[in-house]
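Spelled out, the chains give:
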Number of protein chains: 2
Amino acid sequence: MREAFHDQLDSMFNDLAGICRLVEESVRLSTAALLTGDAEIAERVISADAEVDRARERVEETAFSLLSLQQPVAGDLRTVVAGLRMVSELERMGDLSVHVAKIARLRVPHVAVPDVARPTISRMAEVAEDMVTRVSHIIRTRDVEAAIALSHADEEMDQLRRTSFTELLSADWTHGVEAAVDIALLGRYYERIADHAVSVANRVVFVVTGQNPAAVGS
Amino acid sequence: MREAFHDQLDSMFNDLAGICRLVEESVRLSTAALLTGDAEIAERVISADAEVDRARERVEETAFSLLSLQQPVAGDLRTVVAGLRMVSELERMGDLSVHVAKIARLRVPHVAVPDVARPTISRMAEVAEDMVTRVSHIIRTRDVEAAIALSHADEEMDQLRRTSFTELLSADWTHGVEAAVDIALLGRYYERIADHAVSVANRVVFVVTGQNPAAVGS
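In this text, all values refer to a predicted model and were calculated from it rather than measured experimentally. (Residues numbered from 1 in each chain as written. Chains lettered and ligands numbered in written order. Predicted model: local features only at pLDDT ≥ 70, side-chain atom pairs only at ≥ 80, totals over all residues. Heavy atoms only, no water.)

Participant: So what exactly am I meant to see when it comes to the overall build of chain A here?
Facilitator: For chain A, the helix and strand inventory stands at seven helices and zero strands. Shown N-terminal to C-terminal, the secondary structure of chain A runs as helices and strands in the order α-α-α-α-α-α-α. What you see for chain A is a C-alpha radius of gyration of 19 Å, in line with the 17 Å of a compact globule of 218 residues. The 218 residues of chain A split such that 53% are buried. Within chain A, counting contacts between residues at least 6 apart in sequence, those at least 24 apart form 83% of the total. As displayed, chain A has an accessible area near 9,200 Å², and 50% of this comes from carbon and sulfur atoms. Charge-centre separation for chain A: the mean point of 23 positive side chains lies 3 Å from the mean point of 35 negative side chains. (Helix = DSSP H or I, 4+ residues; strand = E, 2+ residues; numbered from the N terminus. Rg over C-alpha atoms; globule rule 2.2 N^0.38 Å. Buried < 20%, exposed > 50% of the residue type's maximum accessible area, 1.4 Å probe, protein only. Contact = heavy atoms within 4.5 Å. Areas by Shrake-Rupley, 256 points an atom, 1.4 Å probe, with all protein chains shown as cover. Lys, Arg positive; Asp, Glu negative; His and termini not counted. Charge placed at Lys NZ, Arg CZ, Asp CG, Glu CD.)

Participant: Would you take a moment to explain the interface of chain B and chain A for this structure?
Facilitator: For interface size, the figure often reported is the accessible area lost on association. Taken together, the contact between chain B and chain A spans 32 residues of the former and 32 residues of the latter. Summing both sides of the interface, chain B and chain A together bury roughly 2,600 Å²; the carbon and sulfur share of this comes to 61%. Put simply, the parts of the chain that give the side of chain B that touches chain A at least two residues each are helix H2 (39-70), helix H3 (74-107), helix H5 (144-168) and helix H6 (176-209) of chain B. Here the element with the most residues in the side of chain B that touches chain A is H6(B); it accounts for ten residues. (Buried area = accessible area lost by both parts, 1.4 Å probe.)

Participant: Explain the confidence of the model for chain A to me, please; I cannot follow it from the model alone.
Facilitator: As a general rule, the predicted coordinates of low-pLDDT regions are not to be interpreted in detail. For chain A, per-residue confidence averages 94 on the pLDDT scale, and residues scoring 70 or more make up 99% of the total. If you check the scores for this complex, the pTM reads 0.95 and the ipTM reads 0.93. (pLDDT = per-residue confidence, 0-100.)

Participant: Even after reading the chapter, I still don't get the relation of the copies chain B and chain A, so can you show me in this structure?
Facilitator: Between the two copies of the chain lies a relationship made up of a rotation around an axis and a movement along it. Of the transformation superimposing chain B on chain A, the axial component is 0.0 Å and the angular component is 180 degrees, with the fit at an RMSD of 0.0 Å. The transformation relating the two chain copies, once decomposed into turn and shift, fits a two-fold axis. Interface overlap between copies: 100% of the residues of chain B at the interface are likewise at the interface in chain A, consistent with a symmetric, same-surface contact. (Least-squares fit on C-alpha atoms with pLDDT ≥ 70 in both.)

Participant: In this structure, what is going on with the pattern of salt bridges? I would like to understand it.
Facilitator: Side chains that differ in charge, positive against negative, can pair when their charged atoms come close. Summed over all chains, the structure comprises 35 salt bridges over all chains. B:Arg107 is the salt-bridge partner of B:Glu178, the closest N and O atoms lying 3.3 Å from each other. Of the two residues, B:Glu178 is situated in helix H6 and B:Arg107 in helix H3; the sequence distance between them amounts to 71 residues. For B:Glu178, a relative accessible area of 36% puts it in the partly exposed group. Judged by its relative accessible area of 16%, B:Arg107 is buried. One salt-bridge network, in which partners are shared between bridges, spans A:Arg56, A:Glu60, A:Glu91 and B:Arg85. (Salt bridge = Lys/Arg side-chain N within 4 Å of Asp/Glu carboxyl O.)

Participant: So what exactly am I meant to see when it comes to the packing of aromatic side chains here?
Facilitator: Each aromatic ring pair is described using two quantities: the centre-to-centre distance and the angle formed by the ring planes. For the coordinates displayed, the defined rule picks out zero aromatic pairs over all chains. Directly above the aromatic system of B:Phe64 lies the positively charged group of A:Arg78, at a separation of 4.2 Å from the ring centroid. In this structure, A:Arg142 is placed above the aromatic ring of A:Phe13, and the distance from its NZ or CZ to the ring centre is 4.1 Å. (Phe/Tyr/Trp six-rings, centres within 6.5 Å; stacked < 30°, edge-to-face > 60°. Lys NZ or Arg CZ within 6 Å of the ring centre and 35° of its normal.)

Participant: Looking at this structure, I do not really get the environment of A:Arg107. What am I missing?
Facilitator: Residues and elements named next belong to chain A. Sequence separation between Arg107 and Ser65 is 42 residues; the distance between their C-alpha atoms is 45 Å. With residues near it in sequence (within four places) discarded, Arg107 still touches Ala112, Glu178 and Asp182. In terms of polar contacts, Arg107 uses its side chain to reach the side chain of Asp182, at 2.7 Å. (Polar contact = N/O pair within 3.5 Å; in protein donor to acceptor, adjacent residues only side chain to side chain.)

Participant: Teacher, can you tell me more about the packing of helix H1 (residues 2-36) of chain B against H3(B) here?
Facilitator: Any two packed helices are characterised by the angle at which their axes cross and by the distance between the axes. All names here are of chain B. Where H1 contacts H3, the axes come no closer than 9 Å and their chain directions differ by 15 degrees. The orientation of H1 relative to H3 falls into the category roughly parallel. The crossing of H1 and H3 is left-handed. Split into classes, the residues belonging to the contact of H1 with H3 amount to 20 nonpolar, seven polar and two charged. (Axes fitted to C-alpha atoms, helices over the stretch in contact; angles between N-to-C directions. Parallel < 35°, antiparallel > 145°, perpendicular 65-115°, else oblique. Left-handed = near helix turned anticlockwise from the far one by under 90°. Nonpolar A, V, L, I, M, F, W, Y, C, P; charged D, E, K, R; others polar.)

Participant: I'm lost on the environment of A:Val127 in this one. Help?
Facilitator: Residues and elements named next belong to chain A. Within the secondary structure, Val127 is located in helix H4 (residues 118-141). A relative accessible area of 4% places Val127 in the buried class. For the pair formed by Val127 and Ser11, sequence separation is 116 residues and the distance between their alpha carbons is 28 Å.

Participant: Help me understand helix H2 (residues 39-70) of chain A, please; the structure alone is not making it clear to me.
Facilitator: Because each turn of an α-helix spans 3.6 residues, side chains separated by three or four positions in sequence point in the same direction. Between its terminal C-alpha atoms H2(A) stretches 47 Å, which fits the 46 Å expected from 32 residues at 1.5 Å a residue. The opening residue of H2(A), the one whose side-chain oxygen lies 3.0 Å from the backbone nitrogen of A:Glu40, is A:Asp38. (Expected span 1.5 Å × (residues − 1).)

Rendered as structure tokens:
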């Protein structure tokens, strides 16, 4: 019984890592669509989101079946519930990359990001994508040190968000209100992807150690 | 045993309704701070958020204790898990009203919302606050019809968001980039509060009927 339980739990974590890889692809492609103004890639991201939703449903069914049939307690119970929360957050990260793709699509045949804002937005996208890649690894390996290290990448994201606001509010900004609003919202979406990545990593720390990251160290 | 279980479940739903009332107050006060440029009210919203966080922890502990000690299955299990999800969403709604309060505080002694944008933003805030009030009632009474009706309020919010973009992208907009970015982000925060309100209401429909709202009607 216990062994079957842990096999199912491992299988749930593999599914979570699989969803995380779908999200990684979605963040990568939505950024490509954004920076090149490619409507076809944007559409691909938007329609691929249904796959994340279906994968989420499968994880939820596995979790409910584990809770009903195996009736876990203590750490095992908290692990299953953590899995349910992780899948909601991963789904949300996918939704946020769809928002990026929709801004890209809205501005075709133009590119939403003016050249002056490109380095900061590109770097935000890189940081977000890198964080999602690291979360896939963290879910798969349950590497607590890597999970704790991830929160530092979030600090770079906060700094980039401030830089981005400085750029678009400077007297040199000549790209008008529409581009500024796009940049502000894009910054918000990448920042939220990063926030969720940290949150998923923190749940892995909790699953492995039974403690929240602040209590574990760094 | 079963009776004790349902008493604890009722108590969890009362706590959820209580958190929802805290969120309602937070949305109301953050809007007041925003529309009057009142730093003191904004600070009050920001510091009151800790109370929502503590209340969330209490609900989570109740839910874990229900799952561990009572080992619910089927509908009872789904109800407890729905409670865990509802409390995350309510906490998030509180965070979003804190974001509104922070924009208000950032612009003091000025008011972030220019007069021309005021009717639309005020109406978004009213719709959001009304939705949160209705969700408190829905959680308390588990009123499925009221929960299904709530999704229509969300349509007004979507329409208001479009109106707001039209206003700030029009040739008549003379308030510059900073105010436009504030308005775009405020619109996003109120819209997300509304989204979460609909989601919480949908979970109540699921708890009562065992089905998702689309299957129940309207």
